[in-house]
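# Residue-level structural notes
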Amino acid sequence: MADKKNVAILGATGAVGTQMLECLAERDFPVGELKLLASARSAGKVVEWQGQNIALEEATDAAFSGMDIVLGAADDDIAKALLPEAVRRGATVVDNSHAFRLDEDVPLGVTEINPQ
């Protein structure tokens, strides 16, 4: 099995975040630590995933420490506010929002076009 990756999902309680969780399970992605990040009002609630109970954490800059991959499933304003910090802390970020789509400094990955 491949080396396990520490993964965070920003916007884990929304429709896209929930789908990301399902995809990780379906693909048997090698997840080490999994952080589910959401709003302050959702922090502390528990989500079951792969037989584990995982408490939601408030999405803050510090929550990205130690993460290898951050999956963004949050609104544009939240993505713009938080995801640059995930990059600064060393994570590879895959964002589903529109926040960075026209930013020339952010690569656009389309697997059918530029799989590298």
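Whatever comes next refers back to the structure up there.
The structure reproduced in this document is the subject of the present report. (Residues numbered from 1 in each chain as written. Predicted model: local features only at pLDDT ≥ 70, side-chain atom pairs only at ≥ 80, totals over all residues. Heavy atoms only, no water.)

## A short note on the pattern of salt bridges
Going through the model one piece at a time under the given rule, you end up with two salt bridges. One salt bridge connects arginine 88 with glutamate 85, and the closest N-O pair in it is separated by 2.9 Å. Residue arginine 88 and its partner glutamate 85 are both found in helix α2 (residues 76-88); the two are separated by three residues, about one turn of the helix. Glutamate 85 gets classed as buried once you look at its relative accessible area, which sits at 12%. Note that arginine 89 and glutamate 85 form a salt bridge whose closest N and O atoms lie 2.6 Å from each other. The partly exposed category is assigned to arginine 89, whose relative accessible area is 36%. One salt-bridge network, in which partners are shared between bridges, spans Glu85, Arg88 and Arg89. (Salt bridge = Lys/Arg side-chain N within 4 Å of Asp/Glu carboxyl O. Helix = DSSP H or I, 4+ residues; strand = E, 2+ residues; numbered from the N terminus. Buried < 20%, exposed > 50% of the residue type's maximum accessible area, 1.4 Å probe, protein only.)

## Some remarks on the pairing of strand β1 (residues 5-10)
Across five bridges, β1 lies against strand β2 (residues 31-38) in parallel orientation. Of the residues in β2, the one forming a bridge with lysine 5 is valine 31. For the crossover that starts at β1, traverses helix α1 (residues 15-26) and ends in the parallel β2, the hand is right-handed. In this structure, β1 lies alongside strand β6 (residues 69-72), joined through four bridges in parallel fashion. Looking at the pairing, valine 7 lines up with isoleucine 69 of β6. (Pairing = 2+ DSSP bridges. Right-handed = clockwise from strand over helix to strand, strands pointing away.)

## Digging into unusual backbone geometry
A positive phi is found at aspartate 28, a non-glycine position, where the angle reads about 50 degrees. You can see aspartate 28 is positioned in the loop between α1 and β2. Even without a glycine there, the phi angle at glutamine 50 is positive, about 55 degrees. For glutamine 50, the location among the structural elements is in the loop between β3 (46-49) and β4 (52-55).

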